[in-house]
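What the coordinates show
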Amino acid sequence: MSLLLNRNIFGKPSNAGNILSKAEANKLLALWVLNPRLQLHMKQVAQLMKSWAAEKELLNEADQWRWEMTGLLHDADWDQWPDQHCKKIIEELENRDIDPEIIHAIASHGPLHFGVQPETKMDKMLYAFDELSGLIHAYSLMRPNNYEGMDLKGVKKRLKEKSFAANVSREDIEDACRLANITIDELILFIIPHQAAVK
Ligand SMILES: [Fe+2]
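Now for a quick tour of the structure. Everything numeric in this text was worked out from a predicted model, so none of it was measured.

This part is about the pattern of salt bridges. Note that side chains of opposite charge can pair when their charged atoms are close. Counted under the stated rule, the structure contains 11 salt bridges. The residue glutamate 94 makes a salt bridge to arginine 7 at a minimum N-O spacing of 2.9 Å. Placement of the pair is glutamate 94 in helix 4 (residues 87-95) and arginine 7 in the segment before helix 1 (22-32), with a sequence separation of 87 residues. The class for arginine 7 is partly exposed, based on a relative accessible area of 33%. Arginine 178 serves as the salt-bridge partner of aspartate 175, at 3.4 Å between the closest nitrogen and oxygen. Taken together, the positions of aspartate 175 and arginine 178, both in helix 9 (residues 170-180) and 3 residues apart, correspond to about one turn of that helix. Taking relative accessible area as the criterion, aspartate 175 reaches 15% and is therefore assigned buried. One connected set of salt bridges, linked through shared partners, spans Asp63, Arg66, Asp99 and Glu101.

Let us look at the side chain of aspartate 99. Tracing the sequence through the fold places aspartate 99 in the loop between helix 4 and helix 5 (100-107). A polar contact of 2.7 Å, which involves the side chain of aspartate 99, links it to the backbone nitrogen of glycine 17. At a separation of 2.6 Å, a polar atom in the side chain of aspartate 99 contacts the side chain of arginine 66. Every residue in contact with aspartate 99, bar those within four places of it in the chain, is listed here: Asn15, Ala16, Gly17, Asn18 and Arg66.

With that settled, the discussion passes to the coordination of the iron ion. All of the protein donors around the iron ion are His41 (NE2), His74 (NE2), Asp75 (OD) and Asp130 (OD); their distances to the metal are 2.1 to 2.2 Å. With 4 donor atoms in place around the iron ion and angles of 86 to 176 degrees between them, the coordination shape is irregular. As a motif over one chain, the donors of the iron ion read H-x32-H-D-x54-D. Take histidine 74 and aspartate 75: they sit in the same class, and that class is buried.

About the cut-offs
- Every chain is numbered independently, its residues counted from 1 as its sequence is written.
- Since the coordinates come from a predicted model, pLDDT governs what is reported: local features require at least 70, and pairs of side-chain atoms require 80 or more to be given and counted, while whole-chain, interface and lining totals use all residues.
- For the side-chain quantities, the full set of heavy atoms in the structure was used; hydrogens and water were omitted.
- In what follows, salt bridge is the name for a side-chain nitrogen of Lys or Arg lying within 4 Å of a carboxyl oxygen of Asp or Glu.
- The helix count covers DSSP runs of H or I at least four residues long, the strand count covers runs of E at least two residues long, and both are numbered beginning at the N terminus.
- Exposure classes here rest on a 1.4 Å probe applied to the protein chains alone. A residue is buried below 20% of its type maximum, exposed above 50%, and partly exposed in between.
- Polar contacts, as used here, are pairs of N or O atoms within 3.5 Å; protein pairs need one atom able to donate a hydrogen and one able to accept it. Residues neighboring in sequence count only if both atoms are side-chain atoms.
- Residue contacts are defined here by distance: any two heavy atoms, one from each residue, within 4.5 Å place the two residues in contact.
- Here the coordinating atoms are restricted to nitrogen, oxygen and sulfur within 2.8 Å of the metal centre, or 3.2 Å for Na, K and Ca, and because water is not among them the sites may look incomplete.
- In this scheme the shape depends on donor count and angles: four donors with every angle between 85 and 135 degrees give tetrahedral, four or six donors with opposite pairs above 155 degrees and others between 65 and 115 give square planar or octahedral in turn, and any other case is irregular.

Here it is as structure tokens:
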């Protein structure tokens, strides 16, 4: 079944600036995502988005939350409605009159699957973090001290091993780094310490 969204416009421009509160976003996450592993993945990506917005883009707290929220909800429909991923969460956010930029970021987090190209920096970073975050987490689970002492070399070795976390698309990671204009090394070195703190 195709996951192509077959459209490029999401939400209404008049909804710019409308975002969910943290309580509303957490409620949606808890209702829709029952699998604790997927919940953790979304919290990890949310933390990475927030940290990048703060440290690299120097955005204010309100904008950091916009980035965080896209991370927190990007896979919200994957657990219960995988055949409607990511149509269902997009429609939900459109029905709630959420800012079109946030919806666009979620719609473009897998351009090779959904057919929507990342445009803004927020779009590109969500795409860049998504798969690599998963691979680094899988690597942490097989290390005796998890994230402690994890280094660039170890992650790159796993990345080269196609059989390791085989569902993580190396193609997506390379494409995302190219689009976001960052090196894979920079991305790995950002993810390790920021993701380690998310429980
Ligand atoms: Fe994801």
